[in-house]
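An overview of the molecular structure
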Amino acid sequence: MNLQHPNLLRQQAYLNGQWVSAKSQQTLAVTNPATGETLAHVPNLSAEEAQQAVHEAHQAQHHWAKLSAQTRCDHLLNWYNLILKHKDDLAQILSAEQGKPLKESQSEIEYGANYIRFYAEQAKRIYGETLPAANSDQRILVIKQPIGVAAAITPWNFPNAMIARKVAPALAAGCSFIVRPASQTPLSALALAYLSEQAQFPKGLFNVLTGESQPLGEVLTQHPLIRKFSFTGSTSVGQKLYAQASKNITKVSLELGGNAPFIVFADADLDSAIEGAIAAKYRNSGQTCVCANRFYVHSSIYDAFIERLTKASEKLRLGNAFTGSPDLGPLIDSKAVEHANALLKDALTKGASLTTGGKIDPELGGTYFQATVLKDANHNMDLAHEELFAPIAAIYPFDEEEEVIRYANDTPYGLSAYFYSRDIGRITRVYEQLQYGIVGVNTGLISNPEAPFGGVKQSGIGREGSHHGIEDYLELKYILLAGINA
Ligand code: SIN
């Protein structure tokens, strides 16, 4: 890293406006997945330290909620401007701890910042209602108030943007916020905290807790002062956290695993479908919850699609974020590589064959997985049912529209789906029948702050982004004004 502002690289947690070490002095190492090199150490905070942070965030929330919407908006815009000003440094920190190419980190920083800008404006659009009452001497008012202290556990695949899209609506609504970032990628969270300090956020408003997931997760899901908990990560961890949050009936948002179908109908524009397939499959080396997991391609264009996708995949360069300008970085760790290899092996033994890739790059080292295309995938293979989280495109043939809709929906997940067609009748029929929270039609990139992001079935609860996303941080209060003519 070559940071213009080395202060952005923090090695302490940020609680109640202070940079703190663990009382125990214990730390956790943060490593670069590309090289295995240790980048930094962050505090391994205890459950007691987390509880203290909750009390402080509660105090901060009380004051913050009393400020005008315009003041909350101004604070968020100051933060947004600082984030953009330090975009290059933030991208370097992100790439160093996460591994993704610098150009992807830069677009993640902008993506995250756009949530902050969007919700800065939304702070001024939290509207109430007056409703007609049954009695003429009564009026019904409905107001929206901040829910209280909000907490989140965020994943390593988007160390900046997944925080931004939770904290921005929380602060805009008048909540304070505590985040426990993934242990692999706490440095981006701490850099955001540093910039919140520079933006003169009141102390205790935005807090970054570092440490082990279990003790901190228990506090963040079960502390009675935390009224809203948000998590992005796997369905299995989400299920545990959801159960924990039930103790105090804490409101939850969960953005969990996916198993995205990507359907290419016979009438699709093939060039555009290939471009979309590259984007939907290889973003962050296949490590996003919305990455295409199953490619269904009509038999009449099956061979042509595979040939083109294979050629396009072969052009993608693997490499370290800091050398050259690679298209794909490493997988996050050796466990991720083992998972990808196991799914690949299972598919190969059950009849699939490779048209390109399928290996760890021999020169770059253990975590670099080649862009891989696998033909003749079928539903007996594990990769039809499990999230790959790797740059492996598995292609399944199909013949009929109804058949492919059935395949696409045959999963307990329902986060995102994609399809390509130029027939407006088919487009309408298919998007209406896909059981997914997000559907991309003739595009492979569906993420944006103006839209509600989230899934159905085991992919989660709630939506992030858009005017809908702030509702999870607000409570409705109904006031009955009576005796008006008395
Ligand atoms: C995710 O992988 O969880 C989020 C991806 C996105 O926001 O595009």
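Residues numbered from 1 in each chain as written. Predicted model: local features only at pLDDT ≥ 70, side-chain atom pairs only at ≥ 80, totals over all residues. Heavy atoms only, no water.

Given two aromatic rings, their pairing is described by the distance between the two centres and the angle made by the two planes. What the rule picks out here adds up to 15 aromatic pairs. The interplanar angle of 85° and the centroid separation of 5.2 Å between the aromatic rings of Phe-118 and Tyr-119 together place this pair among those described as edge-to-face. On the basis of relative accessible area, Tyr-119 is assigned to the buried category, the value being 0%. Between Phe-295 and Phe-305, the ring centres sit 6.3 Å apart and the planes meet at 40°, which makes this aromatic pair tilted. Here Phe-295, found in strand E13 (residues 292-298), pairs with Phe-305, found in helix H10 (residues 302-314); they are 10 residues apart in sequence, far enough to count as distant. In terms of burial, Phe-295 and Phe-305 fall into one category: buried. One aromatic cluster is present, built from ring pairs that chain together Phe-262, Phe-295, Phe-305, Tyr-418 and Tyr-420. It is Lys-100 that lies over the ring of Phe-158; its NZ or CZ is 4.0 Å from the centre. Of note, Arg-165 hangs over the ring of Phe-453, and the distance from its end group to the ring centre comes to 3.9 Å. (Phe/Tyr/Trp six-rings, centres within 6.5 Å; stacked < 30°, edge-to-face > 60°. Buried < 20%, exposed > 50% of the residue type's maximum accessible area, 1.4 Å probe, protein only. Helix = DSSP H or I, 4+ residues; strand = E, 2+ residues; numbered from the N terminus. Lys NZ or Arg CZ within 6 Å of the ring centre and 35° of its normal.)

With that settled, consider the sheet that holds strand E22 (residues 474-481). An order of E5-E6-E22 is seen for the 3 strands of this open sheet, with the pairing classed as antiparallel. Of all strands in the sheet, those with a lone pairing partner are strand E5 (129-131) and E22, marking the two edges. When the angles between neighbouring strand axes are averaged without regard to direction, this sheet yields 25°. Two elements, strand E6 (residues 139-146) and E22, share 8 bridges in a ladder whose sense is antiparallel. When the sheet's bridge partners are listed, Val-142 is paired in E22 with Tyr-478. (Pairing = 2+ DSSP bridges. Axes fitted to C-alpha atoms, helices over the stretch in contact; angles between N-to-C directions.)

With their axes 9 Å apart at the nearest point, helix H2 (residues 69-85) and helix H5 (residues 161-173) run at an angle of 155° to one another. With respect to each other, H2 and H5 are oriented roughly antiparallel. Remark: the crossing between H2 and H5 carries right-handed chirality. On H5, the residues touching Arg-72, Leu-76 and Trp-79 of H2 are Val-167, Ala-168, Leu-171, Ala-172 and Ala-173. Its residues assigned to classes, the contact of H2 with H5 shows 7 nonpolar, no polar and 1 charged. (Parallel < 35°, antiparallel > 145°, perpendicular 65-115°, else oblique. Left-handed = near helix turned anticlockwise from the far one by under 90°. Contact = heavy atoms within 4.5 Å. Nonpolar A, V, L, I, M, F, W, Y, C, P; charged D, E, K, R; others polar.)

Attention now goes to the sheet that holds strand E19 (residues 438-441). If you walk across this open sheet you meet the 7 strands as E14-E15-E16-E13-E12-E18-E19, and the pairing is mixed. The sheet terminates laterally at strand E14 (353-356) and E19, the two strands that pair on one side only. Recorded for the sheet is a direction-independent mean angle of 25° between the axes of neighbouring strands. Looking at chain direction, strand E12 (residues 260-264) and E13 are connected through 5 bridges and run parallel. Note that in E13 the partner of Phe-262 across the bridge is Phe-295. Here H10 sits on the sheet and contacts E12, E13, E14, strand E15 (372-375) and strand E16 (392-398); the angle it forms with E16, its principal contact strand, is near 170°.

Moving on: the site of the ligand. Around the ligand, the surrounding shell consists of Tyr-111, Asn-157, Phe-158, Met-162, Arg-165, Thr-232, Glu-255, Arg-283, Thr-288, Cys-289, Ser-447 and Phe-453. Within the backbone of Cys-289, one N or O atom sits 2.7 Å away from an oxygen atom of the ligand. Coverage of the ligand by the protein chains reaches 100% of its 260 Å² of free accessible surface. Across the shell around the ligand, the residue classes tally to 5 nonpolar, 4 polar and 3 charged. (Near = heavy atom within 4 Å. Polar contact = N/O pair within 3.5 Å; in protein donor to acceptor, adjacent residues only side chain to side chain. Areas by Shrake-Rupley, 256 points an atom, 1.4 Å probe, with all protein chains shown as cover.)

A few words now on unusual backbone geometry. Phi at Asn-284 takes a positive value of approximately 55°, unusual for a residue other than glycine. Residue Asn-284 is classed as buried on the basis of its relative accessible area, which comes to 2%. Even without glycine at this site, Lys-457 takes up a positive phi of about 50°. Along the polypeptide, Lys-457 turns up in strand E20 (residues 456-457). You can call Lys-457 partly exposed: its relative accessible area is 39%.

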